[in-house]
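Chain residues, written in single-letter form:
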Amino acid sequence: MNKFDNKVQYLKYRVLKEVARLAWDGVLLENILEIPKRIVPGKTPTMRCCVYKERAILAERVKLAIGGNRYNKKVIQVIEMACEDCPTGGYEVTSACRGCLAHRCEEACPVGAITFGSDQKAHIDKSKCIECGKCSETCPYRAINNYKRPCEVSCKVHAISMGEDKAACIDYDKCISCGACAYQCPFGAITDRSYILDVIDMIQQSNEGKNYKIYAMLAPSVASQFRYATLGQINTAIKMLGFSEIVEVAHGADVVAMEEGEELKEKGFLTSSCCPAFVNYVDKFFPDLKEHVSHSLSPAGRLGQMIKDKDPNAKTVFIGPCTAKKTEFQKVEYQGLVDSVITFEELQALIDSRYIDVDKLPETEISHSSPYGRNFARSGGLAEAVAQGFKERGEEFDLSPISCDGIEECRIALMRASKGVLPHNFIEGMACKGGCIGGAGCVNHGDKNRKKIDAYANSSNRQTIKESVEKGC
C-alpha cells in the first residue's frame, strides 16, 4: 500500500517504524546498530556506490530518529554523507550554445571563468566561477542556465548554501524550520529530528501506573491525510497507541480567532501567530514588526494551556504536519503547555510499529470545534475565522485581511508593512504553500487536500465559533 508521496518519505518511515518497534519492546539499545542491516540486508541494490555506504547513511538517519545529538537542538539537519551525490548545480552551458562570434558571455564574466574549446562552445571553469549570473544575462540564446539544488530552490529564505565539501549547509540564523528543503531533497539528505521516543516513553510510563493522562492534540489538516482510511479509523488507531484522549487543535484555533480579533481591534494592525515558521520568519527577517505579531499563543499552545488548566498532570502531544512546531514547543512561553510534537509521518510509523490494521478498525468520532477552526488548516481559513468572530460578537470593525500563501507572499506583505504602505490591517501568514495542508511532515501533499479540509469543516457539529468556545473541549 502506497501511503506516501515518494520513496524518500518511505525510507524515513521505515527507519522511524523500526526504531519505534524496538522501543515498544524495550530492546532498542541492544539492537540499534542492526537497524541499517535490517533495512538494507545482504546485497540489496542501492543508489549509493555500495551497500556499506547506504547503511552508514541509514545509521545517521537512525540517530536523528532517536532524537539526535542532545547538544544540537536544531530541528532541520543535514546528513552530509547522503548529500554528496547531489549535483553541485550552478551555471552550466547548455546545448543551445551556438559558439557565436560575439562571445558576450566571455566579455561579461568578471573573473575569466569562460573559455571556448575547439568546438567553439563556451565552457565554464567551476573553480573560478563566482555565480554572479552575468554570463547568463548577456547570452542572446539564453544558453547558460543556473541549475540550483532542489533544497536551495525550495528554501525561500535563502538559508541553504553549499559548504566547502559541496554538501548542503544550513544557515540557522536564517532557517525558519519550515522543512521545505527536507521534503524536496531527492536523496533525503535533509531531514527533521524526531521526538518519537519521548512520546513512546510517555505512553509506556502512563501504562505503568504514572498518574497522568496523555492528550493527543490533533491538527485539523489530518483530514487531508491517510487516504487509505477514514478519519474516524485514524482516531481509533491513536487511542489504541495509548493516548487517553484526542482533542481537536481546531478548538484552540476557535479560541485564538476570538483573541486575535480582540487584539486587532485594540491595536489596529496585527499579524497572526498561528504558524510557527511564519513567526520565526518575522523574528529573523523583520524584527521591527515583532511587536505586531499577535500575543496569542498558537492554536496548539492555547489548547495545551486549556488542557493543563483542567488537568495539571496531563501530558500533551501535538500531532500535525509541521516541522516548525518542533521549534515552537521548545520556546519558553510554550514550556509546560506542549510536552512533545510528532508529524503525520511519525504518526504513521507509530501506528504501523504496533501492527494496527487501520482500515479494519471501527470509527471514533470527535467534534470539539467549529468549521472555522477546522479551516485553519488551509490558507485563508484564519482570516475567515477572525471575520466570523467579529460577526458573532456583533462588533463593528473594518477588517481588511491579507492571506499570505507561502513564505514569498509573506515576505511581500511584511516588506510593505515595514514601509507603511500595506493597505491591510491583518496579515495571515502561512509559510507553507496551501497552508498547513502543505506542511513538510504531511504524508500526502496533493491538490485535493483543500477540498478535503472544506468537507471536514462542513461536517462539524458546532456551527459557530462562540458555540465551540462556550462548550469547551
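These remarks concern the structure in this document. (Residues numbered from 1 in each chain as written. Predicted model: local features only at pLDDT ≥ 70, side-chain atom pairs only at ≥ 80, totals over all residues. Heavy atoms only, no water.)

**Topic: the sheet that holds strand β14 (residues 401–405)**
Next up, step 1: Read across the sheet, three strands follow the order β11-β15-β14 without closing on themselves; strand pairing throughout is parallel. If you trace the sheet from one side to the other, it starts and ends with β11 (270–271) and β14, each paired once.
Next up, step 2: Sheet topology places β14 next to strand β15 (residues 426–430); five bridges connect them, and they run parallel. Bridging across to β15, D405 finds its partner in M430.
Next up, step 3: Sheet strands in contact with helix α18 (residues 381–393) are β14 and β15, and its direction is about 145° off that of β15. (Pairing = 2+ DSSP bridges. Helix = DSSP H or I, 4+ residues; strand = E, 2+ residues; numbered from the N terminus. Contact = heavy atoms within 4.5 Å. Axes fitted to C-alpha atoms, helices over the stretch in contact; angles between N-to-C directions.)

**Structural notes on a positive patch on the surface**
Next up, step 1: Judged by side-chain charge, R227, K448, K451 and K452 come together as a positively charged surface patch.
Next up, step 2: The residue R227 is located in the loop between β9 (214–218) and α11 (231–241) in this model.
Next up, step 3: Looking at R227, the relative accessible area reads 43%, which means it is partly exposed. (Patch = residues over 30% accessible without salt bridge, like charges linked within 9 Å, V, L, I, M, F, W, Y side chains within 5 Å. Areas by Shrake-Rupley, 256 points an atom, 1.4 Å probe, with all protein chains shown as cover. Salt bridge = Lys/Arg side-chain N within 4 Å of Asp/Glu carboxyl O. Lys, Arg positive; Asp, Glu negative; His and termini not counted. Charge placed at Lys NZ, Arg CZ, Asp CG, Glu CD. Buried < 20%, exposed > 50% of the residue type's maximum accessible area, 1.4 Å probe, protein only.)

**Quick notes on the side chain of K326**
Next up, step 1: Its place among the elements puts K326 in helix α15 (residues 325–328).
Next up, step 2: With a relative accessible area of 0%, K326 lands in the buried category.
Next up, step 3: Of note is the side chain of K326, whose polar atom sits 2.7 Å from the side chain of D192.
Next up, step 4: Looking at K326, its side chain comes within polar contact range of the main-chain oxygen of R193, at 2.8 Å. (Polar contact = N/O pair within 3.5 Å; in protein donor to acceptor, adjacent residues only side chain to side chain.)

**Notes on the nonpolar core**
Next up, step 1: I238, F243, I319, F344, L347 and L350 are the most contacted members of the largest nonpolar core, which totals 68 residues.
Next up, step 2: With nine residues, helix α1 (residues 7–24) is the largest single contributor of residues to this core.
Next up, step 3: With residues near it in sequence (within four places) discarded, F243 still touches V199, I203, I214, Y215, A216, I238, V317 and I319.
Next up, step 4: Within the second largest apolar cluster, 44 residues are counted, among which are I176, C181, L289 and A413. (Core = buried A, V, L, I, M, F, W, Y, C linked by side-chain atoms within 4.5 Å.)

**A word on the pattern of salt bridges**
Next up, step 1: Following the criterion strictly, the structure yields 21 salt bridges and no others.
Next up, step 2: Within the structure, one salt-bridge network assembled from shared partners comprises K12, D192, K326, E345 and E346.

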